Amino acid sequence: MDEQVKQIEIESGNGQHLDEETLFVVSQTFKALSDPTRIRILNLLCSDEHSVNDIAEILDLSQSTVSHQLRFLKNLRLVKFRREGTSLYYSKDDDHIMNLLKQAIEHATHN
């Protein structure tokens, strides 16, 4: 079997095999959701857009930490930004992942 066409023997919910690229993206998404700082940032961005400075202040994090985590999230297309003057404002970019995050939070807080 050709390596480029090779499919992983894991099945998705609809019975289709996942190719290696899809498997990688899914694993990176769960990696993003496995970090407490990224969870806090995504949770904040669920409701409204915020500047890097606002995020740092609200979550009591350094600007450097926030920028680093936002870059990671942006590369996965989980957040997007717009520029206003010299400030960058970030917001959610993927409602599917935000719903997954909300469900995970509900699951964790369910008695």
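This section reports on the structure supplied with the text. (Residues numbered from 1 in each chain as written. Predicted model: local features only at pLDDT ≥ 70, side-chain atom pairs only at ≥ 80, totals over all residues. Heavy atoms only, no water.)

1. Structural notes on the overall build of the chain
Turning to step 1, where the next piece is worked out: The helix and strand inventory of the chain stands at five helices and five strands.
Turning to step 2, where the next piece is worked out: Seen in sequence order, the chain has helices and strands lined up from the N terminus as β-β-α-α-β-α-α-β-β-α.
Turning to step 3, where the next piece is worked out: Each of the 111 residues in the chain was classed as buried or not, and the buried ones make up 30%.
Turning to step 4, where the next piece is worked out: Once local pairs closer than 6 in sequence are excluded, the contacts in the chain between residues at least 24 apart make up 44%.
Turning to step 5, where the next piece is worked out: Of the roughly 7,800 Å² that the chain leaves accessible, carbon and sulfur atoms contribute 48%. (Helix = DSSP H or I, 4+ residues; strand = E, 2+ residues; numbered from the N terminus. Buried < 20%, exposed > 50% of the residue type's maximum accessible area, 1.4 Å probe, protein only. Contact = heavy atoms within 4.5 Å. Areas by Shrake-Rupley, 256 points an atom, 1.4 Å probe, with all protein chains shown as cover.)

2. Details of the pattern of salt bridges
Turning to step 1, where the next piece is worked out: One pass over the structure, following the stated rule, counts three salt bridges.
Turning to step 2, where the next piece is worked out: Here Lys92 ties to Asp95 by a salt bridge, and the two come within 3.5 Å at their closest N and O atoms.
Turning to step 3, where the next piece is worked out: Connected through shared salt-bridge partners, Glu49, Arg82 and Glu84 make up one network. (Salt bridge = Lys/Arg side-chain N within 4 Å of Asp/Glu carboxyl O.)

3. Some points on the nonpolar core
Turning to step 1, where the next piece is worked out: Judged by nonpolar contacts, the single largest core of 22 residues is most densely connected at Leu42, Ile55, Leu70 and Leu73.
Turning to step 2, where the next piece is worked out: Of all the secondary structure elements, the ones that give two or more residues to this core are helix H2 (36-45), helix H3 (52-59), helix H4 (63-75) and helix H5 (95-109).
Turning to step 3, where the next piece is worked out: For Ile55, the contacting residues outside a window of four places in its chain are Ile41, Leu44, Leu45, His50, Asp60, Val66 and Leu70. (Core = buried A, V, L, I, M, F, W, Y, C linked by side-chain atoms within 4.5 Å.)

4. Here's the deal with the packing of aromatic side chains
Turning to step 1, where the next piece is worked out: One pass over the full model with this rule turns up one aromatic pair.
Turning to step 2, where the next piece is worked out: Taken together, a centroid distance of 5.7 Å and an interplanar angle of 45° make the contact between Phe81 and Tyr90 tilted.
Turning to step 3, where the next piece is worked out: Here Phe81 falls in the partly exposed class, since its relative accessible area comes to 38%.
Turning to step 4, where the next piece is worked out: By relative accessible area, Tyr90 is classed as buried at 7%.
Turning to step 5, where the next piece is worked out: Cation over ring: Arg38 sits above Phe72, and NZ or CZ is 4.2 Å from the ring centre.
Turning to step 6, where the next piece is worked out: Over the ring of Tyr89 we find Arg82, and its NZ or CZ is 4.8 Å from the ring centre. (Phe/Tyr/Trp six-rings, centres within 6.5 Å; stacked < 30°, edge-to-face > 60°. Lys NZ or Arg CZ within 6 Å of the ring centre and 35° of its normal.)

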